[in-house]
Each structure stands twice: as structure tokens, then as C-alpha cells.
Amino acid sequence: MPDAMIADAVDAGYRPPVPRVRALAAGGRPVLVRCVPPAPDGTGHGPGARRNEELAETLALVSVYAWAGARLFATSHPHAARQALDMVSSIRGTRPPAVARRGLA
């Protein structure tokens, strides 16, 4: 739920170091990580290229922070972030894959 307050959540801030997220998550409280991309810096990329870079950054950040134990994420790409979180959960074995197929030639 956007902009919802989560009781007892720890705000780790904007792109914190992974060891910090891991340490906060070990405390047992939900950890919030902010993955919102920074303001445009005028690198000369077109809007489409910049958006693709932001999406790739967000997916990488969400995946790493989820693996480290973060449970709450602030992002401008919520649907892609949800898919990344599902992938991390499946890889860790905490969620079964959506589809299981057996490849036989």
C-alpha cells in the first residue's frame, strides 16, 4: 500500500550499505529501504535510456536488499520490483515457483 505507515519499521535510508541492512534485519523488525532513483543529472541520455537504466538499477537494488533481509521497499517501479521479490523468494526457497516445467527433449 503506497505511503502506508508500518508500525515498528526501521528506515535504513536511501541505498544503504548491505551490511547495515543485514544488521538491521537481524534485529527482527521490518526494514525499509529506499530505492527511488536520484534526480536526473544531465548525463546526456535520452528519457527512454535513462528510464531503462533506472529500472535495471531498481531491480538490482531490490534483489540484493531482499536477499539481505529488507522487507519494505520504496521505488518508482513497483510492478517490476514485485517480480524481482518473487524471484528472490523462489531462489531462496521460501516461495514455490509459479510454474514448474520439466524439460524433456
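Residues numbered from 1 in each chain as written. Predicted model: local features only at pLDDT ≥ 70, side-chain atom pairs only at ≥ 80, totals over all residues. Heavy atoms only, no water.

**Q** In this structure, what is going on with the overall build of the chain? I would like to understand it.
**A** Scanning the chain from terminus to terminus reveals 3 helices and 3 strands. For the chain, the α and β elements follow one another from N to C terminus as β-α-β-α-β-α. Counting across all 105 residues of the chain, residues that qualify as buried make up 28%. The long-range fraction of contacts in the chain, counting pairs at least 24 apart against all pairs at least 6 apart in sequence, stands at 45%. When the accessible surface of the chain is split by element, carbon and sulfur atoms take 58% of a total near 7,300 Å². (Helix = DSSP H or I, 4+ residues; strand = E, 2+ residues; numbered from the N terminus. Buried < 20%, exposed > 50% of the residue type's maximum accessible area, 1.4 Å probe, protein only. Contact = heavy atoms within 4.5 Å. Areas by Shrake-Rupley, 256 points an atom, 1.4 Å probe, with all protein chains shown as cover.)

**Q** Looking at this model, I keep getting lost on the environment of Glu54. Mind explaining?
**A** Here Glu54 lies in helix α2 (residues 47-68). Look at Glu54 and you get buried, because its relative accessible area is 13%. Along the backbone, Glu54 and His77 are 23 residues apart, and their C-alpha atoms lie at a distance of 8.8 Å.

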